[in-house]
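The primary structure of each chain is shown beneath.
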Amino acid sequence: MSAVKGRHEIELLGVPASPGIAIAPALLLTKDPHKIEARKLKDSEIPAEIERFKKALEKTRVSIEKTRSKAVTQTGDIVARIFDSHLLILEDVMLLEETLERLEKDKISVEAIIDEFMQRMYRSLKAQKGEYFSQRADDVLDVSRRLIANLQGLKDERLVDLKRQVILVAAELSPSDVVQLDPHYVVGIATDLGGETSHTAILTRSLGVPAVTGLRNITELVCTGQEIVINGNSGKAVLFPTEARLKAYRDKRKRFRSFMTRLKKLRELPTETTDGRRIHLMANIELPAETETVLDQGGEGIGLFRTEYLFLTRGSLLSEEDQLKEYRRVAEIMAPNPVIVRTFDLGGDKVMPGLEFPKEQNPFLGWRAIRVSLDLPDLLKAQLSAILQASTPGNVRIMLPLISDLDELRQAKKILEEVKEELRNRKIPFDEAIKVGIMIEVPSAALTADALAQECDFFSIGTNDLVQYTLAVDRGNETVAHLYTGYHPAVLQLLNNTVEAAHKAGIPVACCGELAGDPLATLLLVGLGLDELSVSPVVLPEIKKIIRSIHSDTAREVAQKALTFNTPREVKRYLLRTMKKLFADLPVWFTRD
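Residues numbered from 1 in each chain as written. Predicted model: local features only at pLDDT ≥ 70, side-chain atom pairs only at ≥ 80, totals over all residues. Heavy atoms only, no water.

A. Representation of the overall build of the protein in the model. Across its full length, the protein carries 24 helices and 16 strands. Expressed as a percentage of its 593 residues, the buried residues of the protein come to 56%. Pairs at least 24 residues apart make up 70% of the contacts formed inside the protein by residues separated by at least 6 positions. As displayed, the protein offers around 25600 Å² of accessible surface, 50% of which is attributable to carbon and sulfur atoms. (Helix = DSSP H or I, 4+ residues; strand = E, 2+ residues; numbered from the N terminus. Buried < 20%, exposed > 50% of the residue type's maximum accessible area, 1.4 Å probe, protein only. Contact = heavy atoms within 4.5 Å. Areas by Shrake-Rupley, 256 points an atom, 1.4 Å probe, with all protein chains shown as cover.)

B. A look at the side chain of Asn464. Note on placement: Asn464 falls in helix 19 (residues 463–471). Within the structure, the side chain of Asn464 is placed 2.8 Å from the backbone nitrogen of Glu514, a separation counted as a polar contact. If near-sequence neighbours (up to four positions away) are discounted, Asn464 is found in contact with Arg475, Tyr484, Gly513 and Glu514. (Polar contact = N/O pair within 3.5 Å; in protein donor to acceptor, adjacent residues only side chain to side chain.)

C. Representation of a positive patch on the surface. Together, Lys561, Arg569, Arg573 and Arg577 make up a region of like positive charge exposed at the surface. Position of Arg577 relative to the elements: it lies in helix 24 (residues 568–582). Since its relative accessible area comes to 54%, Arg577 is described here as exposed. (Patch = residues over 30% accessible without salt bridge, like charges linked within 9 Å, V, L, I, M, F, W, Y side chains within 5 Å. Salt bridge = Lys/Arg side-chain N within 4 Å of Asp/Glu carboxyl O. Lys, Arg positive; Asp, Glu negative; His and termini not counted. Charge placed at Lys NZ, Arg CZ, Asp CG, Glu CD.)

D. Quick peek at the pairing of strand 7 (residues 227–231). Burial analysis of strand 7 places five of its five residues in the buried class, which makes it a mostly covered element. The alternating pattern of strand 7 places Glu227, Val229 and Asn231 on one face and Ile228 and Ile230 on the opposite face, and all of these are buried. Inspection of the sheet shows strand 3 (residues 21–28) paired to strand 7 by five bridges, in the antiparallel sense. Within strand 7, the position partnered with Pro25 by the bridge is Glu227. Direction of pairing for strand 7 relative to strand 8 (residues 236–239): antiparallel, over a ladder of four bridges. What sits directly across from Ile228, in strand 8, is Leu239. (Pairing = 2+ DSSP bridges.)

E. Just the sheet that holds strand 12 (residues 396–400), in detail. Reading around the barrel, the eight strands line up as 9-10-11-12-13-14-15-16 and close back on themselves, with parallel pairing between neighbours. Averaged over all adjacent pairs, the angle separating strand axes in this sheet is 25°, with direction ignored. Inspection of the sheet shows strand 12 paired to strand 13 (residues 435–440) by four bridges, in the parallel sense. Bridge pairing in strand 13 places Arg397 opposite Lys435. (Axes fitted to C-alpha atoms, helices over the stretch in contact; angles between N-to-C directions.)

F. Region of the structure containing the packing of aromatic side chains. Evaluated as defined, the whole model comprises two aromatic pairs. Both rings, one in Phe305 and one in Tyr327, keep their centres 6.0 Å apart while their planes meet at 90°; by these two values the pair is edge-to-face. Of this pair, Phe305 sits in strand 10 (residues 302–306) while Tyr327 sits in helix 13 (residues 320–334), placing them 22 residues apart in sequence. By relative accessible area, which is 0% here, Phe305 ends up buried. A residue is classified by how much of its surface remains accessible, and Tyr327, at 3% relative accessible area, is buried. With centroids separated by 5.4 Å and ring planes inclined at 45°, the aromatic side chains of Phe565 and Tyr574 adopt a geometry described as tilted. Relative accessible area serves as the criterion here: at 14%, Tyr574 is assigned to the buried category. (Phe/Tyr/Trp six-rings, centres within 6.5 Å; stacked < 30°, edge-to-face > 60°.)

G. Spatial organisation of the nonpolar core. Counting residues in each nonpolar core, the largest one holds 100 residues, and the members touching the most others are Phe459 and Leu533. In contact with Phe459, other than residues within four places in its own chain, are Ile438, Ile440, Ala449, Leu452, Ala453, Thr498, Ala502, Ile507, Pro508, Val509 and Ala510. Within the second largest apolar cluster, 31 residues are counted, among which are Ile50, Leu87, Phe117 and Ile148. (Core = buried A, V, L, I, M, F, W, Y, C linked by side-chain atoms within 4.5 Å.)

H. Examining the sheet that holds strand 4 (residues 166–170) more closely. Across the sheet, which stays open at both edges, the eight strands sit in the order 1-8-7-3-4-5-6-2 with mixed pairing between neighbours. Either end of the sheet is taken by a strand with one partner, and the two such strands are strand 1 (10–13) and strand 2 (15–18). With direction set aside, neighbouring strand axes in the sheet form an average angle of 30°. Together, strand 1, strand 3, strand 7 and strand 8 form the strand contacts of helix 10 (residues 243–263), whose direction differs from that of strand 3 by roughly 120°.

I. The arrangement of the confidence of the model for the protein in detail. Chain-level pLDDT for the protein is 86 on average; 88% of the residues reach the 70-or-more range. Here residues 587–591 is modelled with pLDDT under 50, and outside its nearest four sequence neighbours on either side it reaches 22 contacts, counting other chains as well. (pLDDT = per-residue confidence, 0-100.)

J. Local environment of the packing of helix 21 (residues 519–528) against helix 23 (residues 552–562). Remark: helix 21 packs on helix 23, axes separated minimally by 7 Å, with the N-to-C direction vectors making an angle of 100°. Relative to helix 23, the element helix 21 lies roughly perpendicular. Residues Leu523, Leu524, Val526, Gly527 and Leu528 of helix 21 form the contact with helix 23, whose own contacting residues are Ala555, Arg556, Val558, Ala559 and Ala562. Within the contact of helix 21 with helix 23, the residues separate by chemical class into eight nonpolar, one polar and one charged. (Parallel < 35°, antiparallel > 145°, perpendicular 65-115°, else oblique. Nonpolar A, V, L, I, M, F, W, Y, C, P; charged D, E, K, R; others polar.)

K. Representation of the packing of helix 19 against helix 20 (residues 489–505) in the model. The contact between helix 19 and helix 20 brings their axes to 10 Å, and the two run at 125°. With respect to each other, helix 19 and helix 20 are oriented oblique. As helix 19 packs across helix 20, the resulting crossing turns out to be right-handed. Side by side, helix 19 and helix 20 meet where Thr463, Leu466, Val467, Thr470 and Leu471 of the first sit next to Ala490, Val491, Leu494 and Leu495 of the second. (Left-handed = near helix turned anticlockwise from the far one by under 90°.)

L. Focus on the pattern of salt bridges. Here the structure, examined in full by the defined rule, presents 31 salt bridges. With its nearest N and O atoms 3.9 Å apart, the salt bridge here joins Asp345 to Arg342. Relative accessible area serves as the criterion here: at 3%, Asp345 is assigned to the buried category. Judged by relative accessible area, Arg342 falls into the buried class, the value being 5%. Of the charged contacts, one joins Arg397 and Glu532 as a salt bridge, the two residues approaching to 3.7 Å between their closest N and O atoms. Residue Arg397 is located in strand 12, and its partner Glu532 is located in strand 16 (residues 532–535); the two are separated by 135 residues in the primary sequence.

M. Representation of helix 24. Here helix 24 contains 15 residues, and its C-alpha end-to-end distance of 21 Å stays within 8% of the 21 Å for a straight helix at 1.5 Å per residue. Listed as buried for helix 24 are Val571, Tyr574, Leu575, Thr578 and Met579. The buried side chains of helix 24 occupy one side of the element, clustering within an arc of 130° when seen end-on. Seen from the buried face of helix 24, the exposed residues on the opposite side, beyond 90 degrees, are Arg569, Arg573, Arg577 and Lys581. (Expected span 1.5 Å × (residues − 1). Arc of directions from axis to C-beta.)

N. Just helix 19, in detail. Counting buried positions along helix 19 gives eight out of nine residues, so the element sits mostly inside the fold. Within the sequence span of helix 19, burial applies to Thr463, Asn464, Asp465, Leu466, Val467, Gln468, Tyr469 and Leu471.

So, in structure tokens, the structure goes:
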């Protein structure tokens, strides 16, 4: 289909959830394809309705189990566990009892009863704060759709039997939707809702399908069959593209694919500047299944293992034994490369059932991360014990999040020593020389980095929170999100101060926030003296290519110049001009346009 004449081109900006460029006709999925009718029943129809309900439950259970098995093959057991929660929803005693009770009492069709029950459960979960409850709410809708489809004898054909390549457009997609996709036909995904770290986004990246989420209203602007463009590298979607824009994006797609093919050749090469300065390039992961991707992309270790996602995926607190299994798996796969395990960063928007979180007006400024761990020492001890037991290959490190002063660091280290002594008494081996570092993500830590550096083995700068706290900007607040930037001179000064303090104390310093994965910032970070960068696995080759193309003296000059500017705009303009000048033959920037 060619560009639509007489329509103005529309460009939408969302969240880059999975890299790549896709150009194809849209396939619009409606939010609720099933019509629900509260049909009145006669007394004589009740037994047959109960039997229909039971058969639909069984059919749905079998369907979910098949989906789980497919997810295990695609992404591993941890991600597949999200479908365990689907089974629990289906087996909810309240669902069973209320449905049967209302069938007898109200004598209406079971679809209407289930829809009302599920919608009530969904609203209740959505009203709770935190990523866990939001994901569970989405799970409820997913199970409801499956169950109602089976009750009505409908085959959910939204994502099967496709005859041509399409870009899937939806308000949001559930994990079970994504597992059913055939990447040969679904060449791109665009949704109103969603974020980069959702289960759906993780599954999408595992399939290698370009995706843009958080587009807000794309479903209101797109019709099935309308050709659209999405750029999973920049988070852009283009509707009613002109012929010139289509030609430009086809060219970008061709160059992007060629570029990524060439980057794969860098996998076995070291990450070093042209004059031989070594930068350790590692990856951030949420789930153990992602370790294979890290290795495929040439990562030199795990710079940030976000362990709280093990809880959020499972939906319950993991035992020490379960944690040990996951940490050991990652350590053994990555050996001898380092694995930095961050202790739980629960709180903020990551709250869990089983832990009593207080109601806070500003949860990101409240009880979270190391504060939770120190107040719940048994939880911290179990995690530290599991990490220590997994450290026998000698490549595991411990990292403490949101440290704001020396007292917190000392408290955590004291608990760690207690756990070590307990393991020694039980004759359980661990790495006695295991390194302990902290995340620098609040201004107080950056400003007192010289003192903190004397009592830990490494720093890792978490720019996401550091920017948020330094600029007093909630990046999730659309009203002020435009003020959120890692290129603010105040943030750069804190980065510089942290690096200088770390090196003065003789310890390495890494950056594991979003800034580390932005190619525009690579020269700047290398020039500031960062020893390690930890990024999303998908951008590893691109960052490696840039580092291997620069001289460390050039990077240092760029960083020093960037520190002289007074506004974020000036910093970004300078870096963009410099990158385009230095890398005229390197097609990095078309991936971001």
